[in-house]
Amino acid sequence: MSLHPETSAITAGRPEAAPDASLNPPLIFSSTYHAGGPVSYGRYGNESWSALETAISQLEGGETLSFSSGMAAISAVFSILPIGAPVVASNQGYSGTMGLLNQHHASGRLEVRFVDITNTEEVIGAMKGAALLWLESPTNPCLDLADLPTLISAAKKLTIGVGVDNTFATPLVQQPLSMGADIVMHSVTKFLAGHSDVVLGSLSISDPALFKRLEEARRFNGSIPGPFEAWLALRGIRSFPVRFRAAEKNAQQLVTRLQSHTKITKVRYPGFGAVISFEVDGTAEQAEKVCESSRLITHATSLGGIESLWERRRRWALESPSVPEQLIRLSVGCEHVEDIWQDIEQALGSL
Ligand SMILES: *Cc1c(COP(=O)(O)O)cnc(C)c1O
């Protein structure tokens, strides 16, 4: 039976029902197992990971591997590409991914073709002979959108592998595997886990042979999650759809108000989700001051948690110079919208 994601998030990854069986999966701390079974060793498998992986698979499709972080998941994908493989990727995206791609390109490990992901023709034009199309949509932090169905089908015609970082949209908005993508990646740290208490990543993969190669990469790179982190993430997933929708509703109300605020020059919002990026009418220092002036909204990096957070992205040296200096990325949480708005208004008063 195919369930709605709101239901799967609650029911997936639970032990089979039996008298006195626990409702929740156990937390297994063991580096080794008695000989003779399929797992054998703690780097090869863990029941607490499997429960989380089952839940993410029910949301995204395919089969899922969990990793020690979102970056570990992305690194695993790049690690199975041949030396010098051409990769098409956005010229703007999560700073860690951009840093990794730049490093691989500079060392000759990969030949990265950076494109404007909003320009479908340009992206398709760069695909010839590529091994992988790596997409992030919406992008972090500019919230640019790629035309996923068109790009994925163009790549498939050329037998190019497609990976999609679905951290911002989440499976509630789009399920790239159902559009033909080969890999969907999550920084589980963000919306899925949702409580700013774990760092974790995942890859959901449609093809069993590709799954096997990536599982091997995780084994050999040793980029496995901790059992407790996996357990916490699954606990977070139970409420992910409810949190996401509540935060999205708040975000949609805030976008309208931000757009008409006189101290704000530009608001970026893709129409869904809980992240808003906006530019203030002022210098980098003034934007920094706004972030420091909040009382309810936490001044911190990261996103997708139940609490509202914001920061000026260019405070990071790794952030792309194409991101405006005065851009503030706001991750809207589940507090009452009027309380968030009141805090935004008072913080903008520092301008
Ligand atoms: C945070 C983030 C990552 C990296 O994930 P970590 O869990 O921090 O390693 C990758 N992509 C996007 C879009 C992110 O926001």
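Computed from a prediction, not measured in an experiment: that's the story for all the values here.

Caption draft 1: View of the packing of aromatic side chains. Within the structure shown, the criterion is met by six aromatic pairs. Between Tyr41 and Tyr44, the ring centres sit 5.6 Å apart and the planes meet at 75°, which makes this aromatic pair edge-to-face. Overall, the relative accessible area of 33% leaves Tyr44 in the partly exposed class. On the basis of an interplanar angle of 80° and a centroid distance of 5.2 Å, the ring pair of Phe191 and Phe244 is categorised as edge-to-face. In this pair, Phe191 sits in the loop between β6 (183–187) and β7 (201–205) while Phe244 sits in helix α10 (residues 240–259), placing the two residues 53 residues apart along the sequence. Like Phe244, Phe191 is buried. The structure contains a cluster of three or more aromatic residues connected by ring pairs, namely Phe191, Phe240 and Phe244. Over the ring of Phe67 we find Arg218; its NZ or CZ atom is 6.0 Å from the centre of that ring. A cation over an aromatic ring shows up here: Arg219 above the ring of Tyr44, its NZ or CZ 4.3 Å from the ring centre.

Caption draft 2: Geometry of the sheet that holds strand β4 (residues 132–136). With mixed pairing, the seven strands of this open sheet are ordered in space as β1-β7-β6-β5-β4-β2-β3. Of all the strands in the sheet, just β1 (63–67) and β3 (110–115) have a single pairing partner and so form its edges. Direction aside, the axes of adjacent strands within the sheet are offset by 20° on average. Across five bridges, the pairing between β4 and strand β5 (residues 161–165) is parallel. Along β5, the bridge assignment pairs Glu136 with Asp165. Here helix α4 (residues 95–107) sits on the sheet and contacts β2 (85–90), β3 and β4; the angle it forms with β3, its principal contact strand, is near 130°.

Basis of the calculations
- Residues numbered from 1 in each chain as written.
- Predicted model: local features only at pLDDT ≥ 70, side-chain atom pairs only at ≥ 80, totals over all residues.
- Heavy atoms only, no water.
- Phe/Tyr/Trp six-rings, centres within 6.5 Å; stacked < 30°, edge-to-face > 60°.
- Buried < 20%, exposed > 50% of the residue type's maximum accessible area, 1.4 Å probe, protein only.
- Helix = DSSP H or I, 4+ residues; strand = E, 2+ residues; numbered from the N terminus.
- Lys NZ or Arg CZ within 6 Å of the ring centre and 35° of its normal.
- Pairing = 2+ DSSP bridges.
- Axes fitted to C-alpha atoms, helices over the stretch in contact; angles between N-to-C directions.
- Contact = heavy atoms within 4.5 Å.

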